[in-house]
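Architecture at a glance
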Amino acid sequence: MTRPLMDLAKALSYALHLHRSGNLAGAERVYRDLRKAAPDHPEVTYNFAALLGQTGRPTEAVSVLRRLVRQHPGYAAAHATLGVFLRDLGQRDDAVASLEKARGLRPTHAPTLVNLGNAYVSVGQEDAATATYHAALALDPTLPQPRRALADLYLAAKDPSAARRVMRAQLACWPEDAGAWLLLGMVHASEHDRAGALAAYERARRLDPQAEATSHAVRRIVIPMVPDSVEDARAAETAYARILSDLTAHYAVTPPEALATAAIEAASPETFLLAYSTSDVTGILTQHGDMMARLCKARYGQMVPRIGRRMRRDGRLRVAIVSQHIRHRHPIWKGLIRGWVAGLDRNRFSVIGIHTGDGDDADMRTARSAFDAVIGRQATMEDYIRAIAKQTPDVLIYPDGPLGTIGHQLSALRLAPVQCATWGHPATTGLPTVDAFLSADVMEPADGQTHYRERLLRVANLGTAYAPDTEGVPAHDRSWFGEEPDVALFACIGSLYKYRPEHDDLFPRIADQAGPCRFIFFDDFVPALTRRFQARLAAAFAAHGMDWTRFCRFLPRTTPTEFYKILGAFDVYLDAPGFSGFNTAMEALSYNVPVVTHAGRFLRGRLAAGILGHIGMADLVAADLDGYVATAASLAQDRALRGEVAARVSAAKAAAWHDGAAVASLQDHLLMLAS
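Residues numbered from 1 in each chain as written. Predicted model: local features only at pLDDT ≥ 70, side-chain atom pairs only at ≥ 80, totals over all residues. Heavy atoms only, no water.

**Points about the overall build of the protein**
Applied cut-off: The helix and strand labels rest on DSSP assignments: H or I over at least four residues marks a helix, E over at least two residues marks a strand, and numbering proceeds from the N terminus. Radius of gyration here uses only the C-alpha atoms, and the compact-globule reference equals 2.2 Å multiplied by the residue count raised to the power 0.38. A simple rule labels every residue: compare its accessible area, found with a 1.4 Å probe on the protein chains alone, to the largest value its type can have, and call it buried under 20%, exposed over 50%, or partly exposed in between. Residue contacts are defined here by distance: any two heavy atoms, one from each residue, within 4.5 Å place the two residues in contact. Accessibility throughout is a Shrake-Rupley quantity obtained with a 1.4 Å probe, and a residue counts as covered only by protein chains that appear here. In this charge count, Lys and Arg are treated as positive and Asp and Glu as negative; neither His nor the chain ends contribute. A single reference atom marks each charge: NZ on Lys, CZ on Arg, CG on Asp, CD on Glu.
If you tally the helices and strands in the protein, you get 30 helices and 13 strands. In terms of overall size, the protein behaves like a compact globule, its C-alpha atoms giving a radius of gyration of 29 Å where 675 residues would be expected to give roughly 26 Å. In terms of overall dimensions, the protein has C-alpha extents of about 110 × 60 × 45 Å along its principal axes. Burial analysis of the protein (675 residues in total) assigns 54% to the buried set. Considering only residue pairs separated by 6 or more positions, the protein has 65% of its internal contacts joining residues 24 or more positions apart. Working note: accessible area of the protein is about 27,700 Å², and carbon and sulfur atoms make up 53% of it. Of the charged side chains in the protein, 74 are positive and 72 negative; the average position of the first set lies 7 Å away from that of the second.

**Section: the pattern of salt bridges**
The condition that has to hold: The working definition used for a salt bridge is a side-chain nitrogen of Lys or Arg within 4 Å of a carboxyl oxygen of Asp or Glu.
For the coordinates displayed, the defined rule picks out 23 salt bridges. One salt bridge in this structure joins Arg67 and Asp40, with 3.4 Å as the shortest N-O distance. Placement of Arg67 in helix 4 (residues 58-71) and of Asp40 in the loop between helix 2 (24-37) and helix 3 (42-54) is noted, with a sequence separation of 27 residues between them. With relative accessibility at 39%, the residue Arg67 sits in the partly exposed group. Owing to a relative accessible area of 38%, Asp40 belongs among the partly exposed residues under this scheme. Where Asp435 meets Arg414, a salt bridge forms, and the shortest distance between an N and an O atom there is 2.8 Å.

**With respect to the pairing of strand 12 (residues 595-598)**
Applicable threshold: Whether two strands pair comes down to DSSP finding at least two bridges between them. Handedness rule for crossovers: strands pointing away from the viewer, path from the first strand over the helix to the second running clockwise, crossover right-handed.
Across the two faces of strand 12 the burial is the same, with Val595 and Thr597 and Val596 and His598 all buried. Here strand 11 (residues 572-574) pairs with strand 12 via two bridges, running parallel. By the bridge assignment for strand 12, Tyr573 is matched with Val595. A crossover links strand 11 with its parallel partner strand 12, the connecting element being helix 26 (residues 582-590), and its sense is right-handed. Handedness of the crossover joining strand 12 and strand 13 (residues 621-622) through helix 27 (residues 607-614): right-handed.

**Here we look at the sheet that holds strand 11**
Spatially, six strands are ordered 10-9-8-11-12-13 in an open sheet, and the strand pairing comes out parallel. Two strands bound the open sheet, and with one partner strand each, they are strand 10 (552-555) and strand 13. Here strand 8 (residues 488-491) runs beside strand 11; their pairing, made up of two bridges, is parallel. Note on strand 11: the bridge partner recorded for Phe490 is Val572.

**Brief notes about the sheet that holds strand 3 (residues 373-375)**
Put simply, the test is: Axis definition: a line fitted to C-alpha atoms, limited for helices to the stretch in contact. Angles are taken between N-to-C directions and run from 0 to 180 degrees.
Taking strand neighbours across the sheet as the criterion, the seven strands line up as 3-2-1-4-5-6-7 in an open arrangement whose pairing is parallel. A strand with exactly one partner marks an edge of an open sheet, and here the two such strands are strand 3 and strand 7 (455-459). Put simply, the sheet's adjacent strands are angled 25° from each other on average, direction ignored. In terms of strand pairing, strand 5 (residues 418-422) meets strand 6 (residues 436-440) through three bridges, oriented parallel. Each residue of the ladder has a partner; that of Thr422, found in strand 6, is Leu438. Together, strand 1 (317-323), strand 2 (349-355), strand 3 and strand 4 (395-398) form the strand contacts of helix 21 (residues 381-391), whose direction differs from that of strand 2 by roughly 175°. Sheet strands in contact with helix 30 (residues 660-674) are strand 1, strand 2, strand 4, strand 5, strand 6 and strand 7, and its direction is about 150° off that of strand 7.

**Quick notes on the state of the cysteines**
Basically, it comes down to this: When two cysteine sulfur atoms lie within 2.5 Å, the pair is treated as a disulfide.
Using the criterion set out here, one finds zero disulfides in the structure. No disulfide involves Cys420; its sulfur sits 19 Å from the nearest other cysteine sulfur, which is in Cys296. The thiol of Cys492 is unpaired, and the distance to the nearest cysteine sulfur, on Cys552, comes to 7.7 Å.

**So, the side chain of Asp400**
For clarity, the cut-off: A 3.5 Å cut-off defines polar contacts: any pair of N or O atoms within that distance qualifies, except that in protein one atom must be a possible hydrogen donor and the other a possible acceptor, and neighbouring residues in sequence count only when both atoms are side-chain atoms.
Within the secondary structure layout, Asp400 lies in the loop between strand 4 and helix 22 (405-411). No salt bridge is formed by the buried Asp400. Its closest oppositely charged neighbour is Arg377, at 9.8 Å. At a separation of 2.9 Å, a polar atom in the side chain of Asp400 contacts the side chain of Ser323. Here the side chain of Asp400 touches Gln324 through a polar contact of 2.8 Å, landing on its backbone nitrogen. Leaving out residues up to four positions away in the same chain, Asp400 has contacts with Ser323, Gln324, His325, Ile332 and His425.

**As for the packing of helix 28 (residues 625-637) against helix 29 (residues 639-652)**
Note the following rule: Small angles under 35 degrees read as roughly parallel and large ones over 145 as roughly antiparallel, with 65 to 115 read as roughly perpendicular and the rest as oblique. Each residue receives one of three labels: charged for Asp, Glu, Lys and Arg, nonpolar for Ala, Val, Leu, Ile, Met, Phe, Trp, Tyr, Cys and Pro, and polar for the others, Gly being one of them.
The interhelical angle for the contact between helix 28 and helix 29, taken along N-to-C directions, is 105°, at an axis separation of 5 Å. With respect to helix 29, the axis of helix 28 lies roughly perpendicular. Of helix 29, the residues touching helix 28 (which contributes Ser634, Leu635, Ala636 and Gln637) are Arg639, Leu641, Arg642 and Val645. Of the residues contributing to the contact of helix 28 with helix 29, the split by class is four nonpolar, two polar and two charged.

**Here we look at the packing of aromatic side chains**
Applicable threshold: Pairing of aromatic rings covers Phe, Tyr and Trp, the last counted by its six-membered ring, and requires centre-to-centre distances within 6.5 Å; plane angles under 30 degrees mean stacked, over 60 mean edge-to-face, and any other angle means tilted.
Under the definition given, this model contains 25 aromatic pairs. Geometrically, the ring pair formed by Trp423 and Phe582 is edge-to-face, given 4.9 Å between the ring centres and 70° between the ring planes. On the criterion of sequence distance, the pair formed by Trp423 in the loop between strand 5 and strand 6 and Phe582 in helix 26 is long-range, its members being 159 residues apart. The pair Trp423 / Phe582 is uniform in exposure class, with both members buried. Summarising the aromatic geometry, the rings of Phe541 and Phe551 are spaced 5.7 Å apart at their centres and angled 15° between planes, so their arrangement reads as stacked. Note that Phe541 is positioned in helix 24 (residues 527-543) and Phe551 in the loop between helix 24 and strand 10, a separation of 10 residues in sequence.

**Brief notes about unusual backbone geometry**
Glycine aside, a negative phi is what most residues show, and trans is what most peptide bonds show. Non-glycine residue His192 carries a positive phi angle of around 60°. Positionally, His192 belongs in the loop between helix 11 (178-190) and helix 12 (194-207). Of note in this structure, Thr392 is not a glycine but carries a positive phi near 45°.

**A look at the pairing of strand 10**
The pairing of strand 9 (residues 517-522) with strand 10 spans four bridges and is parallel. Of the residues in strand 10, the one forming a bridge with Phe522 is Leu555.

Written as structure tokens, this is what we have:
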């Protein structure tokens, strides 16, 4: 071997030593000197490219690696690393091709298979990813990454048993793997097993006390979907507030580069569950909103365009509505967005839909056709930000609240001069980036502004132009239920998480006064939640010396059309105190079914009350819960009274539909905000 080659080998060994020991600047200097002396040396070029990617220069790394694989097409590691950098840059198809080439060159290299599986996930080839991860594990059963990736895939596919199986296998190999305990907790959380999730998260926290992901995971699970009791619900809110305060204090002293990684963790639907509380959660939601805005600014702030007064294209105000529920059958769409999109004057407004949901079925296409333009599902948050910036909206409206991770992050950024929320989720967003809350005048209490961080704007009447979907759908005959004719049938068909434990005793109290009756519920999608709610009913009825099974019945989930037919056969619809049902109340009224409700303290408990007051049926709105029980019992006992009320509903209900005055009021508010 000649002296120059020996010197090059020594210099490369020295560069690799610097690289591996963390002296990246020193390693880069040596690599660059070596490349001047031997520009086509494959190992020098490869490690130099790896360093470029490691130091935040993946585009440069890709350029170097592309040249390297052209010169040395059999260099498997170069193809594999090129694939990783291409995936990071969003060039997903090219990443798959490069990693498949690497696999062909070294089919028994398990880390290459793991990275190929990751690339398959990025292009939506979940089956190929699953097979590739299993192949990697067959080669090296101790690898942690493929089992974690498989658990994520199984969770996304709603197969928690498979996810639990691979995580248990992982923990058998690596019992001190904090990340595996975290994922196992997420498996339990997906099944609404709060105790199991919290136990797994506690193991993760002990193994890695500084992991923010664990704190956020605990925050997400601590609020139960269906609480076991009043005490359970209150303790959960207290725990949530404590965790949120700890996270806020942590982020107050966190460097900006670390803040950027936490934005996705902070966006989650547990703030949606907070709104089902019977307490005032405005302060908690505001604290979460401040945290969310700070984290999203750190992650995406450099991408956000400068927002100033804009020249309006063609003289029209550009309104963009961001929702994951641009779907004909979804309650937020049919109850609220549809009436706005259809009613806004296109001579004065252009209306853009920004759909953050998955799929492209006929139901979605029907809804999308109502807009002037639609931005469909984007691959990344960055893509959404660019797409919205290109549209230059004057007003952005977020009707979903925190129901989706994408929408929650977008609403935490300043992407338009005016940004609004509305009562698709009837609670404050808590975000400093949302200027106004577009509510319904007849639904808000006198002190409504105190429940919002945003400026409360009361849109006239019900705030929207509702169009019933029940027209042409005949109700079942009452005999469909198979109950005796003298048994009064109460519809209690809201989602089970709307029924709070504070109100469980209303059912036995009504039963005690109503005579023969049946409360009919629908099962939850999650059987464990149905069982939890049934246990609460059993306790409530037992406290009154009654057997809940004599009075309560649960129906299986069904299609929207069948739901309407069943709803129309009830004697009385009992609106859930605390969290009212807007669409269900409207649908019940369309079949002339009397609606019994109570005007709660917050907007979320006043939707049906607003409807009834607006159509002149305020006598069905109880002043308090005792009145709620009395009204329900009297309608159950007196068939003639039910007939009279149904006749009044029939004469009055049309006043709640196709309300042009509400849309005109909305237009005035939007123009005022944008002026």
